[in-house]
Amino acid sequence: MATAGKVIKCKAAVAWEPNKPLVIEEIEVDPPQANEIRIKIVATAVCHTDLYHLLENMHKDGFPTVLGHEAAGIVESVGPGVTEIQPGDKVIPLFIGQCRQCRFCKSPKTNQCVDAWKGNVMTVADSRFTCKGKKVLQFAGTSTFSEYTVVNEIAVAKIDPAAPLDKVCLLGCGVCTGYGAAVNTAKVEPGSTCAVFGLGAVGLAAVMGCKAAGAEKIIAVDINPEKFEKAKVFGATDFVNPKDHNKPISQVLSEMTDGGVDFSLECVGNVGVMRSALESCVQGWGVSVIVGWTDLQDFSARPIQLIAGRTWKGSAFGGFKGREDVPQMVKAYLDKKVKLDEFITHNMTLDQVNDAIELMKHGKCIRTVLSVSPQ
Ligand code: NAD
Ligand code: ZN
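Presented here is an overview of the structure given in this document. (Residues numbered from 1 in each chain as written. Chains lettered and ligands numbered in written order. Predicted model: local features only at pLDDT ≥ 70, side-chain atom pairs only at ≥ 80, totals over all residues. Heavy atoms only, no water.)

## Considerations on the overall build of the protein
- When its secondary structure is counted, the protein shows eleven helices and 18 strands.
- For 375 residues, the compact-globule formula gives about 21 Å, and the C-alpha radius of gyration of the protein, at 20 Å, lands near that figure.
- Oriented by its inertia axes, the alpha-carbon framework of the protein measures out at about 65 × 40 × 35 Å.
- The buried share of the protein, taken over its 375 residues, is 57%.
- Sequence separation of 24 or more characterises 69% of the internal contacts of the protein that already satisfy a separation of 6 or more.
- In the structure as shown, the protein presents an accessible area of about 15900 Å², 51% of it carried by carbon and sulfur atoms. (Helix = DSSP H or I, 4+ residues; strand = E, 2+ residues; numbered from the N terminus. Rg over C-alpha atoms; globule rule 2.2 N^0.38 Å. Buried < 20%, exposed > 50% of the residue type's maximum accessible area, 1.4 Å probe, protein only. Contact = heavy atoms within 4.5 Å. Areas by Shrake-Rupley, 256 points an atom, 1.4 Å probe, with all protein chains shown as cover.)

## A closer look at the coordination of the zinc ion (ligand 2)
- Within the protein, the atoms that donate to the zinc ion (ligand 2) are Cys47 (SG), His69 (NE2) and Cys173 (SG), at distances of 2.0 to 2.2 Å.
- Mapping the donors of the zinc ion (ligand 2) onto the primary sequence yields the spacing C-x21-H-x103-C. With a gap of 104 residues between them, His69 in the loop between β4 (65-66) and β5 (70-78) and Cys173 in the loop between α3 (165-168) and α4 (174-186) connect regions that are remote in the sequence.
- Residue class for His69 comes out buried when judged on its relative accessible area of 2%. (Donors = N, O, S within 2.8 Å, 3.2 Å for Na, K, Ca; no water.)

## Remarks on the site of ligand 1
- By nearness alone, 26 residues border ligand 1, and His48, Thr49, Asp222, Val291 and Phe317 come closest of all.
- The contact in question runs from an oxygen atom of ligand 1 to an N or O atom on the side chain of Asp222, over 2.7 Å.
- With respect to ligand 1, the side chain of Arg367 contributes an N or O atom lying 2.9 Å from an oxygen atom.
- Summarising the interface, the protein chains cover 89% of the accessible area of ligand 1, which totals 860 Å² for the free molecule.
- Elements that contribute at least two residues to the shell around ligand 1 include exactly α1 (48-57) and α5 (201-212). (Near = heavy atom within 4 Å. Polar contact = N/O pair within 3.5 Å; in protein donor to acceptor, adjacent residues only side chain to side chain.)

## Points about the nonpolar core
- The biggest cluster of nonpolar side chains holds 110 residues, and the ones touching the most others in it are Phe145, Val168 and Phe343.
- With eight residues, the single largest contributor to this core is α5.
- The contact partners of Phe343, leaving out residues within four places of it in the chain, are Leu170, Val175, Ala201, Leu204, Ala205, Met208, Phe234, Ile366 and Arg367.
- Counting residues in each nonpolar core, the second largest holds eleven residues, with Val221, Leu253, Ala277 and Cys281 among its members. (Core = buried A, V, L, I, M, F, W, Y, C linked by side-chain atoms within 4.5 Å.)

Next up, the structure:
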């Protein structure tokens, strides 16, 4: 390729500071170093974790940065030592890498590679981006609100060349996260009763995972009733808006299910909802999984909840080991075994990224897919 080995000048949405609109800028993207891969991003979606960094966490050390971590693209060039991936391959960048060598990668029990978060810790040394003479940090080791990005090879999944990138980009985060939380982490059982709190893409994917695992009753919980119709599409059987009740939501669910659900999944990122989700699952064997993202507050619960036999777990990226499992999820989509199109409520271009952020902020979308470069 004509650009291999050279700095690429391209368009990216830069978050210069917290809580401010992103600015479309020309940035310089360095060539990939050893074991790195430069990717032309074709499509990227906006996930709530991007909003968390920009609007909720707002830690000043995390700026300036290029957000975005749910995307798909085509490899432009590879650095020395990369053997499994070639220019032209269709890929999905991974915000949790998989080195395949460490004790975690060797265990089937987890996707928490020892290097998983290495690329995520934003440092100037790890970034290949410059804008106006200033180094710009790479969010989640990916930074997909950019026409080009550079990612470590442990954080790249090579996918089927037949995959439509403007759809499978959703497998880079939200859909794998929710689906895997139900199937891999909660290990939802056939005939069981489930409750999913929060019906964004993550929660809806959790509903889809509960259904795929054979759950009989799937209670969809959201304070925005506009989300219920979509939840039905993914398999929800019952709908609860906490605002319609003047007693704790765990009591409402307990009354609906003869003492509590078998599995509950928190897909909001709110410590109060995490507690409600735990308290909504049945004593004896109930399993509650935290999927929503926050690191700003401690959570609390009464020890008796766990002593009575409930299990409280967390799940990152649905427990999926990205390099093996994401290509399998792409295949499942191509084989019509998982839905993706139904999550996409809006299609826009990278220039409209601030509009996409506003939509999510106000609960007006499930996923907005931004087209970044032609396929
Ligand atoms: P989203 O904003 O699209 O959806 C969140 C939903 O929660 C909305 O429908 C909202 O109305 C609902 N909600 C808000 N408060 C509620 C309450 N008190 N009770 C019930 N519902 C409530 O977000 P998303 O993109 O689907 O992400 C959901 C969460 O998952 C976020 O916290 C995100 O950061 C997190 N996340 C975690 C991982 C992971 O690996 N664990 C990965 C991706 C996203
Ligand atoms: Zn995400």
